[in-house]
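As a plain string of letters, each chain reads:
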Amino acid sequence: MYRIFIVEDDRGIAQAIQEQAEMWGLQAKCAGDFRNVLAEFAGYDPHLVLLDISLPFYNGYHWCSEIRQVSKVPIIFISSASDNMNIVMAMNMGADDFIAKPFDQSVLIAKIQALLRRTYDFAAAVPVLEHRGALLNTGDNTLTYEGEQVSLTKNEYRILLALMENKGKVVSRERLMERLWETDSFVDDNTLTVNVNRLRKKLDAVGLQDFITTKFRVGYIID
């Protein structure tokens with residue numbers, strides 16, 4: 001469950017946001033000590049911060065700067081001081097968005113959810129390695145080229161992954177065999193050659209000629 005930290009000194013507004021967030025399945029906490037916002041932030045470890053500009057003791061810009069020194073957590077400013085100067089200053093301080101008061105609660109929640117998705121769902125996306133238009137998806141172990149999916153065995157995928165991870169560098173035969181042994185599959189020198197040759201044929205068949213280059217007595221390279 002995503003945690004939202006609400007730094008807003010108007011208790012009515014803060015509690016209304018908290019209740020709305022919880023209705024949408026989010027966990028929310030309102031700041032209680034405006035002298036020690038950073039300590040509360042660290043203790044709660046939120047996924048997103050809602051931050052007003054006008055606060056007791058120190059303003060929102062101060063706390064935005066303090067948070068940015070220790071975290072890249074998304075920050076949305078919520079303030080009635082919504083003139084261009086304040087919006088620009090908020091963004092320059094490290095904010096990700098600015099919502100002017102008064103605001104519609106449903107719009108606020110929609111913006112929170114969108115920012116959470118962009119920050120965390122995409123960040124967790126499965127890496128895709130690319131070379132010459134070939135896309136190796138490390139999530140489902142598939143290779144795609146010009147819309148055509150290439151079927152790979154476990155060993156072929158491991159070989160291609162090792163080479164694409166080290167694009168531009170020679171990967172020794174010994175290192176490739178070590179990668180294949182990680183799957184509890186014993187591979188000798190001859191078996192490695194057979195697997196590389198089969199992989200090359202599959203790549204050639206879809207138009208990826210000379211995708212893997214042999215470095216005699218050293219290993220293989222994707223360049």
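Just above, that's the structure.
Keep in mind it's a predicted model, so treat the numbers as computed, not measured.

Visitor: Any chance you could break down helix H5 (residues 105-121) for me, citing the residues and the numbers?
Guide: End to end, H5 covers 23 Å across 17 residues, agreeing with the expected 24 Å (1.5 Å per residue, within 8%). Along H5, the positions that sit buried rather than exposed are Leu108, Ile109, Ile112, Ala114, Leu115 and Leu116. Buried residues along H5 sit in contact with strand S1 (3-7), helix H1 (11-23), strand S3 (48-51), strand S4 (75-79) and strand S5 (97-100).

Visitor: Break down the packing of H1 against H5 for me, with residues and values.
Guide: At a minimum axis distance of 10 Å, the contact between H1 and H5 shows a crossing angle of 60°. Relative to H5, H1 is oriented oblique. Read as a crossing pair, H1 and H5 show a hand that is right-handed. Every residue of H5 that contacts H1 at Ala16, Ile17, Gln20 and Ala21 is listed here: Gln105, Leu108 and Ile109.

Visitor: Requested: an account of the packing of helix H6 (residues 154-165) against helix H8 (residues 189-205), with residues and values cited.
Guide: Here H6 crosses H8 at 85°, and the two axes come no closer than 10 Å. Classified by the angle between their axes, H6 and H8 sit roughly perpendicular to one another. Contact residues: H6 offers Asn155, Glu156, Ile159 and Leu160, while H8 offers Leu192, Asn195, Val196, Arg198, Leu199 and Lys202. Each residue belonging to the contact of H6 with H8 can be placed in one class, and the counts come to 5 nonpolar, 2 polar and 3 charged.

Visitor: Please set out H8 residue by residue, giving values where relevant.
Guide: Here H8 spans 25 Å end to end across 17 residues, near enough to the 24 Å set by a 1.5 Å rise per residue. Listed as buried for H8 are Leu192, Asn195, Val196, Leu199, Arg200 and Leu203. The buried residues of H8 occupy one face: seen down the axis, they fall within an arc of 140°. Those residues of H8 that are exposed and angled more than 90 degrees off the buried face are Asn190, Arg198, Lys201 and Ala205. On the buried face of H8, the contacting elements are strand S8 (142-145), H6, helix H7 (173-181), strand S11 (213-215) and strand S12 (219-221). Immediately downstream of H8, the backbone of Gly207 shows phi near 100°, a positive value.

Visitor: With reference to specific residues and values, describe the pattern of salt bridges.
Guide: For the structure shown, the criterion picks out 8 salt bridges. Close ionic contact of Asp45 with Arg3 constitutes a salt bridge, the shortest N to O distance being 3.6 Å. Of this pair, Asp45 sits in the loop between helix H2 (37-44) and S3 while Arg3 sits in strand S1, placing them 42 residues apart in sequence. We classify Asp45 as partly exposed; its relative accessible area is 48%. Where Lys111 meets Asp97, a salt bridge forms, and the shortest distance between an N and an O atom there is 3.6 Å. Pair noted here: Lys111 is in helix H5 and Asp97 is in strand S5, with a separation of 14 residues, a long-range link. Assessed through its relative accessible area of 34%, Lys111 is described here as partly exposed.

Parameters at a glance
Residues numbered from 1 in each chain as written. Predicted model: local features only at pLDDT ≥ 70, side-chain atom pairs only at ≥ 80, totals over all residues. Heavy atoms only, no water. Helix = DSSP H or I, 4+ residues; strand = E, 2+ residues; numbered from the N terminus. Expected span 1.5 Å × (residues − 1). Buried < 20%, exposed > 50% of the residue type's maximum accessible area, 1.4 Å probe, protein only. Contact = heavy atoms within 4.5 Å. Axes fitted to C-alpha atoms, helices over the stretch in contact; angles between N-to-C directions. Parallel < 35°, antiparallel > 145°, perpendicular 65-115°, else oblique. Left-handed = near helix turned anticlockwise from the far one by under 90°. Nonpolar A, V, L, I, M, F, W, Y, C, P; charged D, E, K, R; others polar. Arc of directions from axis to C-beta. Salt bridge = Lys/Arg side-chain N within 4 Å of Asp/Glu carboxyl O.

Everything listed here is a matter of coordinates, which is why it stays silent on function.
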